[in-house]
Amino acid sequence: MTILLLLQFAVLSPLLVTGQRIPTRALRPVSNTPQDTIKQDSVNLSAPKGDIETTIKYSARDSIQFEVARKVVHLYGEAKINYGTMSLEAAYIQIDYETNSLTATSLKDSTGKDIGVPVFADGAETYSAKRIAYNYKTKRGRIAEVVTQQGEGYIHSEVVKKNEANEFFGLHNKYTTCNLAHPHFYINAGKIKAIPNDKVMSGPFNLVIGDIPTPLGFLFGLFPTPKNNRSSGVIVPSFGENAVRGFYLMNGGYYLALNDYIGTTITGDVYSLGGYDIRVNNDYRKRYSYQGNLGFEYNYFKNDEADVEQSKSTNEFGNQIPPTQRTFWVRWSHSPVAKPGKGRFTASVNAGSSQHNRISGNSRTSDYLAASFNSSISYQKTLQNSPFSYTVKLNQGQTDGGIMNFVLPDLNFSMSSVSLYEVLTKKTPTGRWFENFTLGYNVTARNEISNLTQPSRNSLGGVDVIGGTEEADTISLSDFTTLWENGRRSATHNFSIGLGSFKLFKYFNLSPSVSYSERWVDRKFTYEYNPDSNAVEVDTARFGRVYQYSAGASLSTNIYGTVYVRGKRVEAIRHMIRPSITYNYQPDFGDPYFGFYQNLYLGDDANGRPIYQQLSRFESGAPGVGLQSALSFGLQNNIEMKVKSKADTTGKKFEKVSIIDNFGIRGGYNFAADSLKLSQISMNMNTRLFKVVSINFNSSFNPYETDSLGRNIDRYLLSGPGFKPARLTNASLNLSANLNPQARRTQTSTPDNLPVLEQNLNPFEPNYVDFKIPWSLSFDYTLNFNRGIGNQPNTINNTVGLDGDVNLTDKWKVGYYASYDIMDQKISSARLDIYRDLHCWEMSVSWIPFGFQRGYNITINARSSLLRDLRLTKRSYTSGINFR
């Protein structure tokens, strides 16, 4: 026995870890019959200076047997081997140190079923097979009946060979994204080569669905499997029909992954009635620095009918469709990551041809309905360790009528509010009342230009106007000189003055306020009446200064009242009232003392009485005319209950339940007004019943009597017969609720693990489907009332909407939306969505039966983004083209 142990030690000594010994129980005669043992055997073999590069660690639940002469180790029962980044698990593993090879297979249990199927992992790659042979020196292997995952795809192969570059070659393969042992579909290919974290390539292949071969295939296949999920590739178009532009191929093109930071998508549409669209979209991102998107769209809209008739044709809704034209659109968004002390460059650009979003088949609904678009580019920075900051902006706005406005540039310099006491004395405030005074400053300089000149006043009370502003017209953007001359330049200074807040009589809060602002402009007008020509002559100065100031104070307090019920569930009810009054004063800036307005003499009337008209000496920015000495008042209410917590069995824990979140009444009284001093009274309320139903109510009341034409008379309703303090003029009530508690708790953002349908700008394609929520039902009820003026009738709008979905089974979901106009007794809008989960495939059906974008969409596609081009789409919708 001693000689045998010495012989075994001599053979295995190069493989043993220094200081470790092989357990005596592991040295047993070689046997083909597995032997049970309770303890798990394990051995660590260190790396000698020979072929083995690192420590080999192996273990087995049943037993470990050595053949000393052959240098072979047998592992039985849940055998495991770890060698560097490589690991192997199987029912049986053989290690041959003579040939540097590993062999793993499964074993049969008492019922004849295979157990312990070998699983081989090398880095991020995992293989599952019936038999594995691997040479850990050459890093080559041969695997039989293997299933391996490459990215989102799975490869089933009869035989796989693996080389030292970690590439493997498969024979008789099935490539699929279905994770079942017997996949629902697969790409049948005789030979496949897989490069981990890069791509899978195949020879001739065809698609098999439900074990039924189809003729769909190609001479070769290329399936990217990049580790960062970015790779270049073709984007397969979808087909459908448009009521205006005919049949089409849409959103076909190419995605170009330039690098880890920039990706470019080039797509286009082609229509059977002529015309095409081209889109270039660039996404860029630099981690911890910035991200953005830059897109360009070009549209060629063709309408032969309108071209022949030289007039606009109409669609099925009676909307006019223009003749052939070409349009473009540019989108750019850029946002940085906020960093202390660093400037922020941001951009949001939406600009192009005025009619582009109305004829483009890919327009978003919000873009289609938008009457104007705005763009801005800005740079903002706050100076560290100081209250100062500055911003530089470039703004542009345009309407669907082709009118463009530019602010080039818009400069802003600000000083945040600072304590005057600290600045002047360099001391820390001690709490005295005058130490609360603060001062802030802001100046904004703007240069505004437009391709639409300011409208002129051609006549004034029957008198011609000479000079002043130009005739109303549009100017070409190419005429920069005219644009600049018609521009408007100004600088606005705002001073924020804080006077602090003070306690009065212990329970009242007094907050005084003062404001001052000043504006410098490049145009100030002086008017002069010429009786000889019966005309008004206008003289324009190149600089003008206008300012305004006001002062005020607010007084508020809180009043609490509690009623102790001490019932079985309700402990108490608390009512909180917040009354407040605010006084504001502003002088009459129409007084000649300020010089902002001019009382212009326009001759005499037929009775010889002089005619005067008050005119502003500034195009815009002049303060309001009339003295303001107004008192505003408000009363806010909140009612809540203190109830015993259901989760607490001791009855000592309580929670708050709101009955009315807010019930408020507001109004005002202008002491300086000649008449109608009391303003309209507004009343609003909002609350949430049972944490389910949200209620919002708003209304306005008129305290004055009215004449037959609906005009207010300076006489209160309360002074008439009966007790009638005010008359309701308008009111609105909105009720909304989601009746499924589980749906109410769901986050509004799209979870990463949910199936995402094909993204498109068309309005009837759903974003995602969540089968975890078995049903949801939301309702929305809106009631609007407006009292008619004079003899006009009252108007009432009364609508109810339903929105939700339901799981018919664990694979079928139906979504719905409908809005019903109760007054007109008709459905104003509706939508129906059907979704079918086909495991590795999905089907969606959307139908909008009403509206300018009515139509349907049917899509069947593979769920995996890797095979997203494996889809069938049928779509038909109206473009809703409407030109005004």
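Computed from a predicted structure; not experimentally measured.

## Considerations on the overall build of the protein
In terms of helices and strands, the protein carries 7 helices and 59 strands. Long-range contacts, defined here as pairs at least 24 residues apart, represent 50% of the contacts in the protein between residues at least 6 apart. Approximately 49600 Å² of the protein is accessible, and the part contributed by carbon and sulfur atoms is 56%.

## Some thoughts on the packing of aromatic side chains
Given two aromatic rings, one states the distance between the centres and the angle between the planes to describe the pair. By the definition in use, this model includes 32 aromatic pairs. Measuring from ring centre to ring centre gives 6.5 Å for phenylalanine 525 and tyrosine 527, while their planes differ by 50°; the resulting arrangement is tilted. Assessed through its relative accessible area of 7%, phenylalanine 525 is described here as buried. For tyrosine 527, a relative accessible area of 10% puts it in the buried group. Grouping aromatic residues by their ring pairs yields a cluster made of Tyr441, Phe495, Tyr516, Tyr547, Tyr549, Phe589, Tyr593, Phe594, Phe596 and Phe618. Over the aromatic face of tyrosine 186 sits the side chain of lysine 174, whose NZ or CZ is 4.9 Å from the ring centroid. One residue, arginine 326, lies across the ring of tyrosine 300, its end atom 4.2 Å from the ring centre.

## A few points about the pattern of salt bridges
Tallying each qualifying case throughout the model produces 22 salt bridges. Two residues, glutamate 67 and arginine 70, come together in a salt bridge whose shortest N-O distance is 3.0 Å. Ionic pairing is found between lysine 193 and glutamate 167, a salt bridge with its closest N-O pair at 3.7 Å. Note that lysine 193 is positioned in strand E15 (residues 185–195) and glutamate 167 in the loop between strand E13 (153–162) and strand E14 (168–176), a separation of 26 residues in sequence. Overall, lysine 193 belongs to the partly exposed group, its relative accessible area being 26%. Looking at glutamate 167, the relative accessible area reads 17%, which means it is buried. Sharing partners across several salt bridges, the network here consists of Asp410, Arg446 and Glu448.

## Thoughts on the pairing of strand E16 (residues 199–202)
Burial along E16 is one-sided: Val200 and Ser202 are buried, and none of Lys199 and Met201, which face the opposite way, are. Strand direction decides the pairing type here: E15 and E16, joined by 4 bridges, are antiparallel. Note on E16: the bridge partner recorded for isoleucine 192 is serine 202. In sequence, E15 turns back onto E16 through a hairpin of 3 residues, with asparagine 197 there showing a positive phi of about 60°. For E16 and strand E19 (residues 221–224), the ladder comprises 4 bridges, and the chain directions are antiparallel. Its bridge partner lying in E19, valine 200 is registered against phenylalanine 223.

## Describing the environment of isoleucine 681
Considering the arrangement of structural elements, one finds isoleucine 681 in strand E48 (residues 681–689). If we skip the residues at most four places from it in the chain, isoleucine 681 touches Phe633, Ile665, Arg666, Gly667, Ser699, Ser700 and Phe701.

## With respect to the pairing of strand E2 (residues 56–60)
Counted residue by residue, E2 has 4 buried out of 5 residues, so it is predominantly covered. Two strands pair when backbone bridges link them, and E2 and strand E4 (residues 72–83) are joined in this way by 4 bridges, in the antiparallel orientation. Within E4, the residue paired with tyrosine 58 across the bridge is isoleucine 81.

## Describing the state of the cysteines
The final tally for this structure, using the stated rule, is 0 disulfides. No disulfide involves cysteine 178; its sulfur sits 3.6 Å from the nearest other cysteine sulfur, which is in cysteine 840.

## Considering a nonpolar patch on the surface
On the surface, Val234, Val236, Tyr254, Leu256, Leu258, Tyr261 and Ile262 cluster together to form a nonpolar patch covering roughly 600 Å² of accessible area. Inspection of the secondary structure assignment puts leucine 258 in the loop between strand E22 (246–257) and strand E23 (262–271).

## Topic: the environment of lysine 653
Topologically, lysine 653 is positioned in the loop between strand E46 (628–644) and strand E47 (654–670). The spatial distance from the C-alpha of lysine 653 to the C-alpha of valine 643 is 8.7 Å, given a sequence separation of 10 residues. Ignoring sequence-local partners within four residues, the contact set of lysine 653 consists of Val643, Lys644, Ser645 and Asp648.

## A closer look at the side chain of serine 629
By the secondary structure assignment, serine 629 is in strand E46. Polar side-chain contacts of serine 629 include one of 2.6 Å to the side chain of tyrosine 583. Those residues within four positions of serine 629 in sequence are excluded, and the remaining contacts are Tyr583, Asn584, Tyr585, Tyr669, Asn670, Phe671 and Ala672.

## Some remarks on the side chain of asparagine 412
Here asparagine 412 is to be found in strand E32 (residues 404–419). What makes asparagine 412 buried here is its relative accessible area of 18%. There is a polar contact of 2.9 Å between the side chain of asparagine 412 and the side chain of serine 414. Side-chain polar atoms of asparagine 412 contact the backbone oxygen of valine 443, separated by 3.5 Å. Setting aside chain neighbours within four positions, we find asparagine 412 in contact with Ser389, Tyr390, Thr391, Asn442, Val443 and Thr444.

How each quantity is defined
Residues numbered from 1 in each chain as written. Predicted model: local features only at pLDDT ≥ 70, side-chain atom pairs only at ≥ 80, totals over all residues. Heavy atoms only, no water. Helix = DSSP H or I, 4+ residues; strand = E, 2+ residues; numbered from the N terminus. Contact = heavy atoms within 4.5 Å. Areas by Shrake-Rupley, 256 points an atom, 1.4 Å probe, with all protein chains shown as cover. Phe/Tyr/Trp six-rings, centres within 6.5 Å; stacked < 30°, edge-to-face > 60°. Buried < 20%, exposed > 50% of the residue type's maximum accessible area, 1.4 Å probe, protein only. Lys NZ or Arg CZ within 6 Å of the ring centre and 35° of its normal. Salt bridge = Lys/Arg side-chain N within 4 Å of Asp/Glu carboxyl O. Pairing = 2+ DSSP bridges. Disulfide = S-S within 2.5 Å. Patch = residues over 30% accessible without salt bridge, like charges linked within 9 Å, V, L, I, M, F, W, Y side chains within 5 Å. Polar contact = N/O pair within 3.5 Å; in protein donor to acceptor, adjacent residues only side chain to side chain.

Geometric descriptors of this kind do not, in isolation, establish any biological role.
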